[in-house]
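Remarks on the overall topology
What follows is each chain in one-letter form.
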Amino acid sequence: LLFFCYNICNGLLESRGIDMNFYIVMQGQTYIEEKQHSIIWSKQVDKSGMRPPFWERMKEVQAGDCIFHYVKGDIVAVSIAKRDYYEAVNPYDEE
């Protein structure tokens, strides 16, 4: 289904001269908070100090890109990025 949606959307956008990338963001416990704040967020490095490739891909997100939000086996939302990727402090750290 996701591949089908991608092909339809991509074909329509290309025919109109619109350049848009598509991403699937696998969110778990943070989906509700991220939805409330209109963000997607990941750590810069994992506990072992490594940079997982899927976290690095977040740096590619640009304003206008399409994001599929995947939670517990389902696509629960589709959104459009309002701005390009930028680094920010962890919104979940206790102050």
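Our structure's up above, just so we're on the same page.
Below: a short report on this structure. Each chain has its residues counted from 1, running along the sequence as written. Per-residue local features are limited, in this predicted model, to residues with pLDDT of at least 70; the limit for side-chain atom pairs, both in listing and counting, is 80 or more; totals at the level of whole chains, interfaces and linings are taken over all residues. The basis for the side-chain values is all heavy atoms of the structure; hydrogens and waters are excluded.

On to the overall build of the protein. Scanning the protein for helices and strands turns up 3 helices and 3 strands. Numbering of helices and strands runs from the N terminus, with a helix taken as a DSSP run of H or I at least four residues long and a strand as a DSSP run of E at least two residues long. Along the chain direction, N to C, the helices and strands of the protein fall in the order α-β-α-α-β-β. Residues counted as buried form 21% of the 95 residues belonging to the protein. Counting every atom, the protein has about 7,500 Å² of accessible surface; 56% of that belongs to carbon and sulfur. The cut-offs for exposure are 20% and 50% of the maximum accessible area for each residue type, with area from a 1.4 Å probe on protein chains only; residues under the lower value are buried, those over the upper are exposed, and the others partly exposed. Accessible surface is estimated by sampling points in the Shrake-Rupley manner with a 1.4 Å probe; for residues, cover comes only from the protein chains shown.

When a carboxyl oxygen of Asp or Glu lies within 4 Å of a side-chain nitrogen of Lys or Arg, that pair is called a salt bridge. Summed over the entire model, instances satisfying the criterion amount to 3 salt bridges. Taking the shortest distance from any N to any O, the salt bridge between Lys 59 and Glu 56 comes out at 3.4 Å. Between Glu 60 and Arg 57 there is a salt bridge, and its shortest N-O distance comes to 3.0 Å. For Glu 60, a relative accessible area of 38% gives the class partly exposed. Taken together, the shared-partner salt bridges connect Arg 51, Glu 56 and Lys 59 into one network.

This brings us to the pairing of strand β2 (residues 66-71). Within β2, 5 of the 6 residues are buried, leaving the element largely enclosed by the surrounding structure. The sheet contact formed by strand β1 (residues 22-26) and β2 spans 5 bridges and is parallel. Opposite Phe 22, over in β2, you have Cys 66 as the bridge partner. At least two DSSP bridges between two strands are required for those strands to pair. One ladder, built from 6 bridges, connects β2 with strand β3 (residues 74-80); its direction is antiparallel. What sits directly across from Cys 66, in β3, is Ile 80. The turn linking β2 back onto β3 is made up of 2 residues, and Lys 72 within it adopts a positive phi angle of 50 degrees.

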